[in-house]
Amino acid sequence: MHYPFWYVPGLTSPMLIALIAVFHVLVSSYAVGGGLFLAMEVRYAHRTGNKEYLAYLKQHTWFFVLLTVAYGAITGVGIWWTIGLASPLPTEFLIHTFVFGWAMEYVFFVLEIVAAFIFYYAWDRLKPRVHEQIGWIYGISAWISLVIITAVTSFMLNPGNWQNNFWLAVLNPQTIPQILARTGASLLLATLYVFLHSSFRANNASVRTLIAQRSSRPAMLGAALILLGGLGWLLTVPESARAALTGAAALNIMAVTIFLLTVVVLFMFYYGPYKNPSWVSSGFAILLFVLGVIVTAEGEFVREAVRKPFVIYNEVYSHNVLKNEVPTLQQTGFLNGGVWTRHYITQRFPEIKTAEGKIDNARLATLPQDSQVEVGHTIFQYHCGSCHASSGYSGMKEILRGWDAPMLEKLVLNLDRYHYFMPPWSGTPEEAKMLTRYLETLTSPHPMETAGGRSSGVQSAASAR
């Protein structure tokens, strides 16, 4: 509540985070799995003296560095930029809780970058053994970065009994399942990138066959880890997250799709590249890559969606309010709880300002109708705008079709009762009326009324009586 609201029309700011995050995960997973793949395969090529394979690996490393270091770094910064604007309070909470973890991650990130550039640009100038060691330094550093970041993201879903202790926060109930799943996704996606790249860039058929044979095993291991980690994730999610998963049809479908497609990919690798490496054509590689992208994107969406009504479970609600602040805001006012909201409203409507510079909730009802709507709009932005747009993604114009004022006010006062995805109402009854005034401007007639179906049915019933 102590930060300004970031307005993203039609989409909402969390959805913008989701879009950037999915693209980043698709590349950052490749950065981890691809680093381990290159370290392992360069060692194999050096040991066997396979110069053609080594030449291809150098070519692939250029693609790898360009994609993971350039694009991956840009989207990584983009995530920090968007979460800082869209969810400032949860971001502050995570920074304070994991400051030591972020410091460690930064060290390993710098080590990754340095090792990646040395690995590629000193390719022909390093002794084979040193070259292999640089590759492993990159691969292991990237995986440790994954572990640290996964500990943070898993904490957001289930902090467990962390008692403000850094190590207990890191070792939360979700950490190991999510590390397994993300490590598996990294191995699987790395293979899919390699298949896709080699199907177009590896001109030597023997090299393509070798890639198919050697990379199919880590890919199948990755698919198995995804299934194992996913099962552990499901067993350790909080009850509210499990209710969110089973209560939303879209999340049900996505969860089943993730499981089925992972199994399908596992069998495709076994009967394709592993048993019949000559099958790896451009079309086959594209199909596998698309399936891998779908599994990864849906997995990220489900993981984020089931956190509602929290951003950080049992600590910070989705509307950027600490859980323990809600009772106070219900007494003193939601608008009074934020520096920006209190200043804006008292500047716009000084007649409701107290001698202490706060908002007198009892005076809100004395404002003209248009002013009440404006106050309600401000409340909507801060209380509801993290998940709902006025119109668009999860838009209120679409959701509230056919609702009247009494229904709207009951909804506002009992948000978490109407749907457990939503946080509790965090303001006074007077503020609830202001929000209702604004929501009334977004409603439209019931579709059956506009089509004549509902009204004609009412008239027929009246005539029968």
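Notes on the structure in this doc start here. (Residues numbered from 1 in each chain as written. Predicted model: local features only at pLDDT ≥ 70, side-chain atom pairs only at ≥ 80, totals over all residues. Heavy atoms only, no water.)

A word on empty space enclosed by the protein. Remark: the empty space left among the atoms is shown by a probe the size of a water molecule rolled over them. Summed over all chains, the structure comprises three cavities of 30 Å³ or more. Roughly 150 Å³ of internal volume is contained in the largest cavity. Along its surface, the largest cavity is lined by 16 residues, and Pro-4, Phe-5, Ala-86, Asn-320 and Tyr-382 are the ones closest to its centre. Where the lining of the largest cavity is concerned, the elements lending two or more residues are helix H2 (51-86) and helix H14 (369-383). Residues that form the lining of the largest cavity fall into these classes: nine nonpolar, seven polar and no charged. For the second largest cavity, the calculated volume is near 100 Å³. Considering every element that reaches the lining of the second largest cavity, the biggest residue donor is H14, with three residues. Classifying every residue of the lining of the second largest cavity gives seven nonpolar, eight polar and no charged. (1 Å grid on protein atoms, 1.4 Å probe; cavity = no way out; pocket = protein on both sides within 12 Å on 5 of 7 lines; lining within 4 Å. Points joined across faces, edges and corners; volume = space filled by probe spheres on them. Helix = DSSP H or I, 4+ residues; strand = E, 2+ residues; numbered from the N terminus. Nonpolar A, V, L, I, M, F, W, Y, C, P; charged D, E, K, R; others polar.)

Before going further, it helps to spend a moment on helix H3 (residues 88-97). With seven of 10 residues buried, H3 lies mostly within the body of the structure. Three or more residues of H3 are buried, namely Pro-88, Leu-89, Pro-90, Thr-91, Phe-93, Leu-94 and Thr-97. (Buried < 20%, exposed > 50% of the residue type's maximum accessible area, 1.4 Å probe, protein only.)

Looking now at the environment of Ala-31. Relative to the helices and strands, Ala-31 resides in helix H1 (residues 13-48). Residue Ala-31 is classed as buried on the basis of its relative accessible area, which comes to 11%. Separated by 140 residues in sequence, Ala-31 and Leu-171 have C-alpha atoms that sit 24 Å apart. Discounting chain neighbours no more than four positions away, the residues touching Ala-31 are Phe-64, Thr-68, Tyr-138 and Ala-142. (Contact = heavy atoms within 4.5 Å.)

This brings us to the nonpolar core. If you look at the biggest cluster of nonpolar residues, it comprises 67 residues, and the most contacted ones within it are Tyr-53, Leu-57, Phe-269 and Val-306. At nine residues, the largest contribution of residues to this core is made by H1. If sequence neighbours within four positions are ignored, Phe-269 has contacts with Leu-188, Thr-191, Leu-192, Phe-195, Ser-216, Ala-219, Met-220, Tyr-274 and Leu-288. If you look at the next biggest cluster of nonpolar residues, it comprises 32 residues, including Leu-329, Leu-335, Ile-352 and Met-396. (Core = buried A, V, L, I, M, F, W, Y, C linked by side-chain atoms within 4.5 Å.)

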